[in-house]
Amino acid sequence: MIDLRFSEAELEQRREHITGFIREQIDAAGAEGAVLGLSGGIDSTLTATLAVEALGAENLHGLVLPATVSSEGNMSDAERVAQDLEIGYDVIEIEPLVDSLLAAYPEAEGDREAVGNARARLRAVLNYLVANHEQRLVLGTGNRSEAAVGYFTKYGDGAVDCHPIGNLYKGQVRQLARHVGVPEELAAKTATAELWADQTDEDELGISYDTLDSILAAHIDGPLSVAATCRLLEVDEATVERVRGMYERSEHKRTVPPAPPSLE
Ligand SMILES: NC(=O)c1ccc[n+]([C@@H]2O[C@H](COP(=O)([O-])OP(=O)(O)OC[C@H]3O[C@@H](n4cnc5c(N)ncnc54)[C@H](O)[C@@H]3O)[C@@H](O)[C@H]2O)c1
Ligand SMILES: Nc1ncnc2c1ncn2[C@@H]1O[C@H](COP(=O)(O)O)[C@@H](O)[C@H]1O
Ligand SMILES: O=P(O)(O)OP(=O)(O)O
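Just so we're clear, the structure is a prediction, and the values are computed from it rather than from any experiment.

Relative to the helices and strands, Asn-74 is located in helix α3 (residues 72-85). Within the local environment of Asn-74, its side chain forms a polar contact with the side chain of Glu-194, the two groups lying 3.1 Å apart. Ignoring anything within four residues of it in the chain, the contact list for Asn-74 reads Ser-39, Gly-40, Lys-189, Thr-192 and Glu-194.

One pass over the structure, following the stated rule, counts 0 aromatic pairs. One Lys or Arg, Lys-170, reaches over the ring of Tyr-209 and ends 5.5 Å from the middle of that ring. Across the ring face of Phe-152, the terminal group of Lys-253 is positioned such that the distance to the ring centre comes to 5.0 Å.

Estimates place the volume of the second largest pocket at around 410 Å³. Together, 17 residues line the second largest pocket, and Phe-152, Gly-158, His-163, Lys-253 and Arg-254 are the ones closest to its centre. For the lining of the second largest pocket, a count of residues per class yields 5 nonpolar, 7 polar and 5 charged.

Listed under "binding site: ATP" (unreviewed entry) in the UniProt record, and renumbered for this structure, are Gly-37, Leu-38, Ser-39, Gly-40, Gly-41, Ile-42, Asp-43, Ser-44, Thr-141, Lys-170 and Thr-192. By secondary structure assignment, the location of Leu-38 is in the loop between β1 (34-37) and α2 (42-55). Residue Leu-38 is classed as buried on the basis of its relative accessible area of 3%. Those residues in contact with Leu-38, other than ones at most four positions away along the chain, are Ser-44, Ala-48, Gly-62, Leu-63, Val-64, Ala-78, Val-81 and Ala-82. Among the secondary structure elements, Ile-42 is positioned in helix α2. Leave out the neighbours within four places in its chain, and Ile-42 touches Lys-170, Val-173, Arg-174, Ala-177, Val-182, Leu-186 and Ala-187.

Looking now at the UniProt feature "binding site: Mg(2+)" (unreviewed entry) in the protein. Per the UniProt annotation, the sites labelled "binding site: Mg(2+)" (unreviewed entry) are Asp-43 and Glu-146. The largest pairwise C-alpha distance within this set of annotated residues, which runs over 104 residues, is 10.7 Å, so the set is compact in three dimensions. If you take the residues mentioned a moment ago, the ones lining the second largest pocket come down to Glu-146. Here Asp-43 is to be found in helix α2. A relative accessible area of 9% places Asp-43 in the buried class. Leave out the neighbours within four places in its chain, and Asp-43 touches Thr-141, Asn-143, Glu-146, Ile-165, Lys-170 and Val-173. Residue position: Glu-146 is located in helix α6 (residues 144-149). The exposure class assigned to Glu-146 is buried, which follows from its relative accessible area of 11%. Ignoring any residue separated from it by four or fewer positions in sequence, one finds Glu-146 in contact with Asp-43, Tyr-151, Phe-152, Lys-170, Asp-201 and Tyr-209.

Rules of the game
- Residues numbered from 1 in each chain as written.
- Chains lettered and ligands numbered in written order.
- Predicted model: local features only at pLDDT ≥ 70, side-chain atom pairs only at ≥ 80, totals over all residues.
- Heavy atoms only, no water.
- Helix = DSSP H or I, 4+ residues; strand = E, 2+ residues; numbered from the N terminus.
- Polar contact = N/O pair within 3.5 Å; in protein donor to acceptor, adjacent residues only side chain to side chain.
- Contact = heavy atoms within 4.5 Å.
- Phe/Tyr/Trp six-rings, centres within 6.5 Å; stacked < 30°, edge-to-face > 60°.
- Lys NZ or Arg CZ within 6 Å of the ring centre and 35° of its normal.
- 1 Å grid on protein atoms, 1.4 Å probe; cavity = no way out; pocket = protein on both sides within 12 Å on 5 of 7 lines; lining within 4 Å.
- Points joined across faces, edges and corners; volume = space filled by probe spheres on them.
- Nonpolar A, V, L, I, M, F, W, Y, C, P; charged D, E, K, R; others polar.
- UniProt positions renumbered as here; feature names shortened; annotations may be inferred.
- Buried < 20%, exposed > 50% of the residue type's maximum accessible area, 1.4 Å probe, protein only.

Pasting the structure below:
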């Protein structure tokens, strides 16, 4: 695999670049701070940590939004992150909202993917309820690896005002998290969308983040052909083609929805 780790100097540079970006986004919008969802995972923990550095804890509002499929461990980690960073936060159970949706449209009952994505979208609605009410922006927590293969819910966790860690591959998220002092048990945690029970990113994607990050860096974001990528990483062509397929099929999630071209 490709060693995508930053040097110590590069880690500091990234830290300053991202905290500067967060400050600029808030200032440019004339906002009173930011809201973000805390899941107990590494992406939201790193984003929260950098946002506190950028804005101060008093300018951040955390939302811990458990569903029935959320593990107690992750939800208590999410609260611990808020407490350790001294961020004000609310815990709001989202399952009654899911139940209301399914009462309105019972046909989707039991559709794991549709209901899972609805959970992510209900969280987005709550993030924006708070952001509108408190004149804040919503911080996204997505990284480059997820964005490149469309591993997020369109208008769910993808519904945000900016993506502070959106240029980092997943392995780099873990490295920067350790660098800024995130506890090891959070930095090393298995990534999960937790949209349904026992879901993990790597199982669902069918590829490890180490391999995915390397293919993205070499072939999707980098200049190497499929053949050169296979030789360099010692992976088979089908794996590289599969990543390329996920990237191409998810283009619609990374772009503004199209309208027909103007007739004039
Ligand atoms: N980062 C995370 O950990 C995380 C968080 C949430 C979701 N996820 C994962 O993300 C995935 C989300 O599921 P999904 O992608 O099926 O649902 P989605 O709702 O995000 O995207 C599918 C929808 O996009 C639209 N669409 C599909 N193809 C299109 C095209 N070519 N042009 C325009 N619009 C198009 C359609 O409305 C379709 O219903 C799941 O695998 C879920 O587990 C991961
Ligand atoms: N339980 C949750 N509470 C608050 N915010 C959450 C929760 N689960 C997910 N989120 C937010 O969505 C993104 C992406 O989630 P994944 O766990 O990667 O699917 C996460 O970083 C939180 O901001
Ligand atoms: O987005 P998060 O914080 O839930 O991290 P992960 O995707 O690693 O669970």
